[in-house]
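So the chains spell out like this:
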Amino acid sequence: MFFQQPNRMFVRTLVITEHHVRLLHFDRSGVRYTPLLNIHRNPCTFVRLVLGVSSHKEEVLGLDTNIQWTIKKGKKVAGTIKTVDSNQKQKIIIYDLIDIHPAFHRAALCGRGTTCWHARDRRGSPLEDVLIKDAWRVEGSISEHTLLQNVKGVNGVAQMLHFCDGLAQTKDFRGSQLPSEPPNFLSRVCLRKYGRSLKHFASQIQAIGALRDSLVGKRIQFQRSVLHRDISMQNILLGLEDAHPGLRGILIDFDMAVKAGPRETSSLSSGRHAGTRVYQSLSVLDSYSDTSTATAHDYLDDIESFFFVL
């Protein structure tokens, strides 16, 4: 699969026959390709194409150069990831990757291509473990960091430390763009690190405590005009060991969330494409029908999703 490598920005490949060559470019905005080129009539262009896709330069190969690896005997043994301090925008922060493998990676050609890394802040003492999340979003959609900023300080909800919006744009990889091709943007958010997902609970008390605290956090976030729309088992994390009430369960992943307060949900669609199917409310599931009369997605649908998680 073209995007199997988690720090890929794009992929370029050649399709060659005995007479022709075609260059294909894949990224989060889709695919573009060149006309068939006769390699015998255009040998210089053919050689340039081969050299281009064989380059040793990471940026030419479509790799995110903010992620760097330490290689020993041909294998990755350690790595770092670079972002900016959103409180001091000119300041660069470099985190050490705790694991060379991502904590989560959605290896799919379509979608946000979400990738999460466990990392450690090398500054200060004691060193702080964090979760760094990269995700692509289409032009015009709200960035996750905007919503996380709205719920800053709320117990039961993931807390953001830093963000870097517009880390890359697909239009920069494609040369001249057609007007009908809006770019996708890569965003990076740095979050406090919590426990594993709710499905790893060790006791009923732990599970109920995590559900209770994340549900209370969801209520407060809605009061701050944030509607989550993707309540699922994977998006509720267990708190850290010996967490106090209020922090036993943490709601994460605001990619599907929207800004909508108690008086604004009537303007939203039923949101059938938002959320994880098995946890969607009956009203949202009904919206898949062409004859559906489902109402707009609101906080009641999120609460129903909590019930299905339970």
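Here is a short report on the structure shown in this document. These numbers were taken from a predicted model, which means no experiment stands behind them.

1. Let's talk about helix α3 (residues 204-223)
- Taking 1.5 Å as the rise per residue, α3 with 20 residues should run 28 Å; its terminal C-alpha atoms sit 29 Å apart, in good agreement.
- All of the buried residues along α3 are A207, G209, A210, L211, D213, S214, G217, K218, Q221 and F222.
- Contacts made by the buried residues of α3 are with β13 (226-227), β14 (236-238), β15 (249-251) and α5 (299-309).
- A positive backbone phi angle near 70 degrees is found at S225, which sits one or two residues after α3.

2. Quick notes on empty space enclosed by the protein
- All told, the structure shown has two cavities of 30 Å³ or more when counted by the stated rule.
- Quantified by volume, the largest cavity comes out at close to 130 Å³.
- Along its surface, the largest cavity is lined by 14 residues, and P6, R8, G113, T115 and W136 are the ones closest to its centre.
- Tallied by class, residues from the lining of the largest cavity come to five nonpolar, five polar and four charged.

3. Thoughts on the packing of α3 against α5
- Two elements in contact, α3 and α5, have axes whose closest approach is 11 Å; the angle formed by their N-to-C orientations is 170 degrees. Taken together, α3 and α5 sit at an angle that is classed as roughly antiparallel. Residue-level contacts link L211, S214, L215, K218 and F222 of α3 to Y299, D302, I303, F306 and V309 of α5.
- Residues that form the contact of α3 with α5 fall into these classes: seven nonpolar, one polar and two charged.

4. A word on the state of the cysteines
- According to the stated counting rule, one finds zero disulfides in the structure shown.
- Looking at the unpaired C116, the closest cysteine sulfur is the one in C190, lying at 11 Å.
- C164 takes part in no disulfide bond, and the closest cysteine sulfur, belonging to C190, lies 12 Å away.
- C164 gets classed as buried once you look at its relative accessible area, which sits at 13%.

5. Considerations on the layout of surface pockets
- In this structure, the largest pocket spans a volume of roughly 810 Å³.
- Forming the boundary of the largest pocket are 33 residues, of which F104, Q234, N235, L237 and I252 lie nearest the centre.
- The set of elements that each furnish at least two residues to the lining of the largest pocket consists of β9 (115-121), β10 (128-138) and β12 (184-192).
- Partitioning the lining of the largest pocket into residue classes produces 12 nonpolar, 11 polar and 10 charged.
- Taken as a whole, the second largest pocket spans an internal volume of roughly 410 Å³.
- Going through the elements one at a time, β10, α2 (144-150) and β12 are the ones with two or more residues in the lining of the second largest pocket.
- Of the residues that constitute the lining of the second largest pocket, the class distribution is 11 nonpolar, six polar and seven charged.

Here is what the cut-offs are and how they apply
Residues numbered from 1 in each chain as written. Predicted model: local features only at pLDDT ≥ 70, side-chain atom pairs only at ≥ 80, totals over all residues. Heavy atoms only, no water. Helix = DSSP H or I, 4+ residues; strand = E, 2+ residues; numbered from the N terminus. Expected span 1.5 Å × (residues − 1). Buried < 20%, exposed > 50% of the residue type's maximum accessible area, 1.4 Å probe, protein only. Contact = heavy atoms within 4.5 Å. 1 Å grid on protein atoms, 1.4 Å probe; cavity = no way out; pocket = protein on both sides within 12 Å on 5 of 7 lines; lining within 4 Å. Points joined across faces, edges and corners; volume = space filled by probe spheres on them. Nonpolar A, V, L, I, M, F, W, Y, C, P; charged D, E, K, R; others polar. Axes fitted to C-alpha atoms, helices over the stretch in contact; angles between N-to-C directions. Parallel < 35°, antiparallel > 145°, perpendicular 65-115°, else oblique. Disulfide = S-S within 2.5 Å.

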